[in-house]
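Listed here are the chains, written in short residue letters.
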Amino acid sequence: MTTTRPYRKALDVAEALRRLEDAAGSQLDEDLVVAFVRGIETVDAAPLPGMDPPRLWTPFSRVA
């Protein structure tokens, strides 16, 4: 949603998060949307579009 496509302009982060929240509980799993939005809004190292250089998210601990 935050990347420009040939058929539409990119959305800003706030609008993309709002659209995710609108779809929570119907098209998307509500618990996952809540966790994702909370992370993007509160984590200092959240990967956001337009970062230079781009930052890739990595988990704090490994599973397995």
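In the block above lies the structure referred to throughout.
Let us look at the structure shown here.

Definitions and cut-offs
Residues numbered from 1 in each chain as written. Predicted model: local features only at pLDDT ≥ 70, side-chain atom pairs only at ≥ 80, totals over all residues. Heavy atoms only, no water. Helix = DSSP H or I, 4+ residues; strand = E, 2+ residues; numbered from the N terminus. Buried < 20%, exposed > 50% of the residue type's maximum accessible area, 1.4 Å probe, protein only. Contact = heavy atoms within 4.5 Å. Areas by Shrake-Rupley, 256 points an atom, 1.4 Å probe, with all protein chains shown as cover. Salt bridge = Lys/Arg side-chain N within 4 Å of Asp/Glu carboxyl O.

### Some details on the overall build of the protein
Argument step 1. The number of helices and strands found in the protein is two helices and zero strands.
Argument step 2. The buried share among the 64 residues of the protein stands at 14%.
Argument step 3. Within the protein, counting contacts between residues at least 6 apart in sequence, those at least 24 apart form 13% of the total.
Argument step 4. Here the protein has roughly 5600 Å² of accessible surface; of this, 56% comes from carbon and sulfur atoms.

### Thoughts on the pattern of salt bridges
Argument step 1. One pass over the structure, following the stated rule, counts three salt bridges.
Argument step 2. Where arginine 19 meets glutamate 15, a salt bridge forms, and the shortest distance between an N and an O atom there is 2.9 Å. With arginine 19 and glutamate 15 both in helix α1 (residues 13-23) and four residues apart, the pair spans about one turn of that helix.
Argument step 3. Its salt-bridge partner being arginine 18, residue aspartate 22 comes within 2.5 Å of it at the nearest N-O pair. In this pair, aspartate 22 and arginine 18 are both assigned in helix α1, four residues apart and thus about one turn of the helix distant.
Argument step 4. For arginine 18, a relative accessible area of 38% gives the class partly exposed.
Argument step 5. Bridged by salt links that share partners, the residues Glu15, Arg18, Arg19 and Asp22 form one connected network.

### A word on the environment of threonine 2
Argument step 1. Note that threonine 2 resides in the segment before α1.
Argument step 2. For the pair threonine 2 and valine 13, spaced 11 residues apart in the sequence, the C-alpha separation amounts to 6.5 Å.
Argument step 3. When near neighbours in sequence (up to four residues on either side) are disregarded, threonine 2 contacts Ala10, Leu11, Asp12, Val13, Ala16 and Pro49.

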